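Here's the letter readout for the chains.
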Amino acid sequence: MVDAATHYTRVLNKPRKRVGILTGGGDAPGLNAVIRAAVKTGFGFGWEMYGVREGFEGFFDPEKKVKKLKDDDVAGILHLGGTILGTTNRGNPFEYEVIEDGKKVRKDRSDELVGNFKELGLDALIAIGGDGSLAIAQQLFEKGVPVVGVPKTIDNDLSATVVTFGFDTAVSRATEALDWLHSTAKSHERVMVVEVMGRYAGWIALNAGVSGGADVILIPEIPFRIEHVCEKIQQRYEIGRRFAIVVCAEGATFAEGGLIHKERAEVEAGRQEVLLGGIAERVAAEIANHTGRSCRHLVLGHLQRGGHPTTFDRLLATRFGHAAAVLVRDGKFGNMVALDPPDIKSVTIKEAIGEMKRVPATSDVIASAKDLGISFGDEPPRTYYI
Ligand code: F6P
C-alpha cells in the first residue's frame with residue numbers, strides 16, 4: 001500500500017496522454033456537446049486535451065490555433081450551438097489551395113500537417129466532421145496519424161450511423177417554421193413553399209414535412225412533376241382548405257429538368273460541389289403560373305443549423321464524444337463512433353464514408369404520408385372521400 005503523498009507524486013509525474021480534438025466542415029447543433037463530453041472524459045482518463053481551431057487548418061498554424069484546454073473551456077457549452085473550436089469548409093491538407101505566380105494551384109500539405117502533429121507531441125486526434133472531414137481523417141490515418149472520428153451532419157446522410165446529431169435540431173426547427181407559416185398561409189389563402197437543407201437526401205424535408213403538416217413534400221429521392229403538385233393544391237382549395245404548405249428539399253429534382261443549383265463552392269473541408277438552392281423560388285413561380293394562386297417562397301437556410309441543440313442531439317452528441325474518447329483509450333484508431341440503437345458502436349472510417357444514405361423508397365414514413373394524402377409530386381393526388 002502506498003501512502004497518499006507517494007500516490008499523487010506518481011500520478012503527477014506520469015507522462016500524460018496528449019489528445020487533440022477538432023471540428024471540420026459545416027457546423028451542426030451538438031458539436032459543443034461532443035467536444036465537452038470527449039474533453040471531460042479525457043480529463044477523467046488523466047489526459048491533456050488540445051483544441052485545434054478551424055479544423056485541419058489549425059495544424060498549419062499551431063502556435064496560434066492549437067491550445068491546451070482547461071475544464072473552464074468546456075464549462076457551460078453543452079446547450080450551445082456552433083463550435084467553440086471554430087470550423088471551416090476550406091483547407092483539405094491533401095489538396096490545399098495556394099496562390100503561385102498569381103494562379104490558384106492545389107498542393108499536398110499533408111506531410112507538413114503530420115510533422116506538426118508529431119511536433120506538438122500529440123498521441124491521438126479526435127476529428128468531428130462530415131464525409132469530407134472524415135475522408136481527410138482516413139487519409140491521415142493511412143499516413144500514420146492515430147485518429148478517431150465522430151460523424152456530424154444535419155443532413156443525416158451518412159450510412160454508417162442510424163442518425164447523426166444535428167439532424168433532430170434541424171428537423172425541429174423546420175417543423176416549427178411550418179407551424180408558424182400555417183396561420184399566415186391561411187389568412188391570405190396562399191401557397192407557401194419552404195426550402196429546407198439536406199443536400200442530396202430528403203431526410204429533413206420528409207421528417208419536417210410530415211411533422212409540420214405539409215400538403216406536398218418534394219425530396220431528391222422522388223423526382224416530381226409540377227402538374228401533380230398543382231393538382232394536389234387545387235384539390236385542397238376545392239375541398240375548402242384554402243391554403244397549402246409545400247416543403248422542398250434543396251436537392252429535390254424536377255422529373256424533367258433536374259437539379260436547381262447556384263455556383264460551385266467548397267461545402268465540406270475542401271470538397272468542391274455545387275451549392276444547392278433556388279428550388280423553392282422556382283416551384284412557387286411554377287405553381288403561381290399554373291394555378292393562378294397567390295404563392296410565396298422562403299428558404300430556411302442556416303436557421304436550421306444555428307442555435308441550441310435539442311435534447312435528443314445533446315444526448316447523442318454526449319454519447320458520441322464519450323465513445324470517441326473510449327476509442328482513443330482502447331487504441332481503436334481509424335474508427336468512428338456510430339449509433340446502432342440502442343448502442344453506440346464503432347465502424348471503420350473507411351467503410352463509413354463509402355456510401356450516402358438516402359431516403360429509401362420503402363420508407364414507412366413515405367407510405368404513411370401518402371396514405372394521409374400528402375403529395376410527393378410523383379403521381380396525381382389520391383381521391384379524398386369526405
Ligand atoms: O451539409 C450541411 C449543409 O447545411 C447542407 O444541408 C447544405 O447544402 C450545406 O451544408 C450548406 O453549406 P454552407 O454552410 O457552406 O452554405
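These remarks concern the structure in this document. Nothing here was measured: the structure is a model prediction, and the numbers come from that model. (Residues numbered from 1 in each chain as written. Predicted model: local features only at pLDDT ≥ 70, side-chain atom pairs only at ≥ 80, totals over all residues. Heavy atoms only, no water.)

### Some words on the site of the ligand
Then comes step 1: In the vicinity of the ligand, the residues found are Asn89, Ile154, Asp155, Met197, Gly198, Arg199, Glu250, His302 and Arg305.
Then comes step 2: Contact distances for the ligand include 2.6 Å between an oxygen atom and a side-chain N or O atom of Asp155.
Then comes step 3: Between Glu250 and the ligand, the recorded distance is 2.6 Å, taken from a side-chain N or O atom to an oxygen atom.
Then comes step 4: Protein contacts shield 83% of the accessible area of the ligand, which totals 400 Å² for the unbound molecule.
Then comes step 5: Residues belonging to the shell around the ligand are distributed by class as follows: two nonpolar, three polar and four charged.
Then comes step 6: Lining the shell around the ligand are residues from two domains, each supplying at least three of them: domain 1 (4-165 + 309-352) and domain 2 (169-305 + 360-371). (Near = heavy atom within 4 Å. Polar contact = N/O pair within 3.5 Å; in protein donor to acceptor, adjacent residues only side chain to side chain. Areas by Shrake-Rupley, 256 points an atom, 1.4 Å probe, with all protein chains shown as cover. Nonpolar A, V, L, I, M, F, W, Y, C, P; charged D, E, K, R; others polar. Domains from an automatic or database assignment.)

### Some remarks on the state of the cysteines
Then comes step 1: One pass over the structure, following the stated rule, counts zero disulfides.
Then comes step 2: This cysteine, Cys230, is not joined by any disulfide, and Cys295 carries the nearest cysteine sulfur, 8.0 Å off.
Then comes step 3: Classification of Cys230 as buried rests on a relative accessible area of 6%. (Disulfide = S-S within 2.5 Å. Buried < 20%, exposed > 50% of the residue type's maximum accessible area, 1.4 Å probe, protein only.)

### Describing the pairing of strand 6 (residues 124-129)
Then comes step 1: Buried residues dominate strand 6, accounting for six of its six residues.
Then comes step 2: Alternating positions in strand 6 separate into two faces, Ala124, Ile126 and Ile128 on one and Leu125, Ala127 and Gly129 on the other, with burial throughout.
Then comes step 3: Two elements, strand 6 and strand 7 (residues 147-151), share five bridges in a ladder whose sense is parallel. Counted as the bridge partner of Ile126 is Val148 from strand 7.
Then comes step 4: This β-α-β element, strand 6 to helix 5 (residues 131-142) to strand 7, shows right-handed connectivity. (Helix = DSSP H or I, 4+ residues; strand = E, 2+ residues; numbered from the N terminus. Pairing = 2+ DSSP bridges. Right-handed = clockwise from strand over helix to strand, strands pointing away.)

Purely spatial values, then, with no claim about function.
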